[in-house]
Amino acid sequence: MFSRVALRAAPRQQPFSLVARRTFQTTRAQLSSPYHYPEGPRSNLPFNTKTRFFWFRYLMYCVVGFGTPFGIAVWQTYRPRA
């Protein structure tokens, strides 16, 4: 068991690589281009999470979104049959 682990852990030396290595560019994206947007926390959200009543609006959004299917089911259950 340990010999397999030791073989896997040992680095394999290959004389050459048939697949080219992917190199990542370290330069910063040009912000003047229309295809690059600012990065960072909350920069990709279409709303502002720092407002005073964001928690209440988010809570109401979740309650309405989660409760609507159940409300529709109850309404269809108790409506008079046609």
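Residues numbered from 1 in each chain as written. Predicted model: local features only at pLDDT ≥ 70, side-chain atom pairs only at ≥ 80, totals over all residues. Heavy atoms only, no water.

Chemist: So what's going on with the packing of aromatic side chains? Which residues, and what values?
Modeler: We describe a pair of aromatic rings using the distance from one ring centre to the other and the angle between the two ring planes. Applying the stated criterion across every chain, the model contains 4 aromatic pairs. Aromatic side chains Phe47 and Phe54 sit 5.7 Å apart centroid to centroid with 20° between the ring planes, which places their arrangement in the stacked category. Since its relative accessible area comes to 22%, Phe54 is described here as partly exposed. Measuring from ring centre to ring centre gives 5.9 Å for Phe54 and Tyr58, while their planes differ by 20°; the resulting arrangement is stacked. Taken as a pair, Phe54 and Tyr58 lie in helix H2 (residues 54–78) at a separation of 4 residues, close to a single helical turn. Through a chain of ring-to-ring contacts, three or more aromatic side chains come together here, namely Phe47, Phe54 and Tyr58. If you follow Arg79 out to its NZ or CZ, it ends over the ring of Trp75, 5.5 Å from the centre. (Phe/Tyr/Trp six-rings, centres within 6.5 Å; stacked < 30°, edge-to-face > 60°. Buried < 20%, exposed > 50% of the residue type's maximum accessible area, 1.4 Å probe, protein only. Helix = DSSP H or I, 4+ residues; strand = E, 2+ residues; numbered from the N terminus. Lys NZ or Arg CZ within 6 Å of the ring centre and 35° of its normal.)

Chemist: Describe H2, and please don't skip the residues or the numbers.
Modeler: End to end, H2 covers 35 Å across 25 residues, agreeing with the expected 36 Å (1.5 Å per residue, within 8%). Where H2 bends most, at Gly67, the angle is about 40°, and the proline Pro69 comes one to four residues later. (Expected span 1.5 Å × (residues − 1). Bend = angle between axes of the 7 residues up to and from the residue.)

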